[in-house]
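If you want the building blocks of each chain, they are given just below.
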Amino acid sequence: MESLYILIPIAILLVCVAIGIFLWAVKSDQFEDLERQGHNILFEDDKVHNETKPQQPVASKSIDKQTGEDKVDD
């Protein structure tokens, strides 16, 4: 019976700490935009894969001043 005098205040203290952490998380916007994090998990590999691909040189297109025709430089 005497152990309840110790356990009840400890339980109340832990509940107060948990409520405090929850309120801090709500105030610091930890629960905003929950959808984005789920999408980041699904599509993260695509972003990394696209960034590491070597880019192919793009052919430049110019207009010949004498003839006015388009020409492609490789």
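Residues numbered from 1 in each chain as written. Predicted model: local features only at pLDDT ≥ 70, side-chain atom pairs only at ≥ 80, totals over all residues. Heavy atoms only, no water.

An unreviewed UniProt entry lists the chain under the name Cbb3-type cytochrome oxidase assembly protein CcoS, from Vibrio amylolyticus.

Moving on, we get to the overall build of the chain. Check the secondary structure of the chain and you find two helices and two strands. Accessible area for the chain stands at about 7600 Å²; split by element, carbon and sulfur atoms hold 61% of it. (Helix = DSSP H or I, 4+ residues; strand = E, 2+ residues; numbered from the N terminus. Areas by Shrake-Rupley, 256 points an atom, 1.4 Å probe, with all protein chains shown as cover.)

A word on the confidence of the model for the chain. Mean pLDDT over the chain: 77, with 59% of residues reaching 70 or higher. Predicted confidence in the chain is weakest over strand β2 (residues 70-73), with a mean pLDDT of 62, and strongest over helix α1 (residues 4-27), with 96. (pLDDT = per-residue confidence, 0-100.)

Moving on: the UniProt feature "transmembrane region" (unreviewed entry) in the chain. Listed under "transmembrane region" (unreviewed entry) in the UniProt record, and renumbered for this structure, are residues 6-26. Between the C-alpha atoms that bound residues 6-26 there is a distance of 31 Å. The span itself is 100% helix and 0% strand. (UniProt positions renumbered as here; feature names shortened; annotations may be inferred.)

Even without a glycine there, the phi angle at Asp29 is positive, about 60°. Structurally, the position occupied by Asp29 is in the loop between α1 and α2 (34-52). A residue is classified by how much of its surface remains accessible, and Asp29, at 49% relative accessible area, is partly exposed. (Buried < 20%, exposed > 50% of the residue type's maximum accessible area, 1.4 Å probe, protein only.)

Taken together, Val15, Ile19, Phe22, Leu23, Val26, Phe31 and Leu34 make up a surface patch of nonpolar side chains, about 670 Å² in accessible area. Per-element accounting of the nonpolar patch gives the leading share, five residues, to α1. Within the secondary structure, Phe31 is located in the loop between α1 and α2. Take Phe31: its relative accessible area is 45%, and that puts it in the partly exposed class. (Patch = residues over 30% accessible without salt bridge, like charges linked within 9 Å, V, L, I, M, F, W, Y side chains within 5 Å. Salt bridge = Lys/Arg side-chain N within 4 Å of Asp/Glu carboxyl O.)

It is worth spelling out α1 at this point. The terminal C-alpha atoms of α1 lie 34 Å apart, and with 24 residues this matches the ideal 34 Å at 1.5 Å per residue to within 8%. Asp29 sits one or two residues past α1 and shows a positive phi near 60°. (Expected span 1.5 Å × (residues − 1).)

For the rest of this paragraph, the subject is the environment of Ala25. Its location among the elements puts Ala25 in helix α1. A residue is classified by how much of its surface remains accessible, and Ala25, at 9% relative accessible area, is buried.

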